[in-house]
Amino acid sequence: MSTEAYDVDQGLRHLIDTGRISPESISAMTGIAPEHLREYLASEHRTGMTAAPSGLSGAQTTQLSMLSVLLTEGLAEDDDIRLRALVETLTQQYHLTHENVALLVDTDVADVEAVVLDARRVDASKKYRLALRLSYVLTALSNVERVTS
């Protein structure tokens, strides 16, 4: 674990400069007006906790921070760990059991449990199918949350 502060601006600029994401797509994802996002990206900010004005609300800067770290550091994480995290999100955040998850994604409970214990032991084709279906379930639940909040 690193003790260095994550540089949100550098992460966003790297994502944009390498063509992984565009300012327009960031606006679409966050709801931040394009002109406010352009102003934010054009200005310099200090890394870490700061009270310096950015032209964005606290919620908007939090959105940008989360987006930046999830699309840089998060994608650098091992796929097996990310797959386990999908199952753990369903069980911890949504209170589903491994059996519930298995029934939702039409697989064996043993496969869901194996992913949690050691995904390296699970056949690649099963992991692929699980990853797609778990991602779909989480997206569906996220969309329901968005509509109801």
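Above this text sits the structure in question.
Criteria and thresholds
- Residues numbered from 1 in each chain as written.
- Predicted model: local features only at pLDDT ≥ 70, side-chain atom pairs only at ≥ 80, totals over all residues.
- Heavy atoms only, no water.
- Axes fitted to C-alpha atoms, helices over the stretch in contact; angles between N-to-C directions.
- Helix = DSSP H or I, 4+ residues; strand = E, 2+ residues; numbered from the N terminus.
- Parallel < 35°, antiparallel > 145°, perpendicular 65-115°, else oblique.
- Left-handed = near helix turned anticlockwise from the far one by under 90°.
- Contact = heavy atoms within 4.5 Å.
- Nonpolar A, V, L, I, M, F, W, Y, C, P; charged D, E, K, R; others polar.
- Salt bridge = Lys/Arg side-chain N within 4 Å of Asp/Glu carboxyl O.
- Buried < 20%, exposed > 50% of the residue type's maximum accessible area, 1.4 Å probe, protein only.
- Arc of directions from axis to C-beta.
- Core = buried A, V, L, I, M, F, W, Y, C linked by side-chain atoms within 4.5 Å.
- 1 Å grid on protein atoms, 1.4 Å probe; cavity = no way out; pocket = protein on both sides within 12 Å on 5 of 7 lines; lining within 4 Å.
- Points joined across faces, edges and corners; volume = space filled by probe spheres on them.
- Patch = residues over 30% accessible without salt bridge, like charges linked within 9 Å, V, L, I, M, F, W, Y side chains within 5 Å.
- Areas by Shrake-Rupley, 256 points an atom, 1.4 Å probe, with all protein chains shown as cover.
- Polar contact = N/O pair within 3.5 Å; in protein donor to acceptor, adjacent residues only side chain to side chain.

Peer 1: I'm lost on the packing of helix H5 (residues 79-92) against helix H8 (residues 124-148) in this one. Help?
Peer 2: Each pair of packed helices gets described by two things: the angle between the helix axes and the distance between those axes. Remark: H5 packs on H8, axes separated minimally by 10 Å, with the N-to-C direction vectors making an angle of 40°. It follows from the interaxial angle that H5 and H8 lie oblique. The chirality of how H5 crosses H8 is left-handed. Packed against H5, whose contacting residues are Asp-80, Leu-83, Leu-86, Val-87, Thr-89 and Leu-90, the element H8 presents Lys-127, Leu-130, Ala-131, Leu-134, Ser-135, Val-137, Leu-138 and Leu-141 at the interface. Partitioned by chemical class, the residues of the contact of H5 with H8 number 10 nonpolar, two polar and two charged.

Peer 1: Just checking my understanding: could you explain the pattern of salt bridges for this structure?
Peer 2: Note that side chains of opposite charge can pair when their charged atoms are close. For the structure shown, the criterion picks out six salt bridges. As a salt-bridge pair, Glu-88 and Arg-84 come within 3.5 Å of each other at their nearest N and O atoms. Within this pair, Glu-88 and its partner Arg-84 are both found in helix H5, separated by four residues, close to a single helical turn. You can call Glu-88 partly exposed: its relative accessible area is 27%.

Peer 1: Any chance you could explain helix H2 (residues 23-30) here in plain terms?
Peer 2: Think of an α-helix as 3.6 residues a turn; residues three or four steps apart then line up on the same face. Along H2, the residues classified as buried are Ile-26, Ser-27 and Thr-30. An end-on view of H2 places all buried positions within 100° of arc, on one side of the element. Facing away from the buried surface of H2 by more than 90 degrees, the exposed residues are Glu-24 and Ala-28. Residues of H2 that are buried in the fold lie against helix H1 (8-17), helix H3 (34-42) and helix H4 (58-72).

Peer 1: Can you help me understand the nonpolar core in this one?
Peer 2: Generally speaking, a soluble globular protein has its nonpolar side chains buried in company with each other. Among the nonpolar cores identified, the biggest contains 17 residues, and Leu-83, Val-87, Leu-90, Val-112, Val-115, Leu-130 and Leu-134 are the most heavily contacted of them. Counting only elements with at least two residues in this core, the list comes to H5, helix H6 (98-105), helix H7 (109-118) and H8. Not counting chain neighbours up to four residues away, the residues in contact with Val-115 comprise Leu-83, Arg-84, Val-87, Val-122 and Leu-130. Of all hydrophobic cores here, the second largest spans 12 residues; its members include Leu-12, Ile-26, Ile-32 and Leu-56.

Peer 1: Got a minute to help me understand the layout of surface pockets in this structure?
Peer 2: The probe, sized like a water molecule, is rolled over the atoms to show the empty space still left. Computed from the structure, the largest pocket encloses a volume of approximately 500 Å³. Lining the largest pocket are Met-29, Thr-30, Gln-63, Met-66, Leu-67, Leu-70, Leu-71, Gly-74, Leu-75 and Arg-82. If you list the elements that add at least two residues to the lining of the largest pocket, you get H2 and H4. Top element by residues in the lining of the largest pocket is H4. It accounts for five residues. Its residues placed into classes, the lining of the largest pocket shows six nonpolar, three polar and one charged.

Peer 1: Honestly, a nonpolar patch on the surface in this entry has me stumped. Any pointers?
Peer 2: Together, Met-66, Val-69 and Leu-70 make up an exposed nonpolar region whose accessible area comes to about 260 Å². Position of Met-66 among the secondary structure elements: in helix H4.

Peer 1: Help me understand the environment of Glu-99 in this model?
Peer 2: Here Glu-99 shows up in helix H6. In this structure Glu-99 comes out as partly exposed when scored by relative accessible area, which is 49%. Measuring from C-alpha to C-alpha, the distance between Glu-99 and Val-109 comes to 5.5 Å, with 10 residues separating the pair along the chain.

Peer 1: In this structure, what is going on with H1? I would like to understand it.
Peer 2: Every buried residue belonging to H1 is among Val-8, Asp-9, Gly-11, Leu-12 and Leu-15, and all of these are buried. Buried residues of H1, viewed axially, fall in a sector of 165°; they line one side. More than 90 degrees from the buried face of H1, the exposed residues found are Gln-10 and Asp-17. Taking the backbone nitrogen of Asp-9 as reference, a side-chain oxygen 3.1 Å away marks Asp-7 as the first, capping residue of H1. Just downstream of H1, Gly-19 is the residue with a positive phi angle, here 75°.

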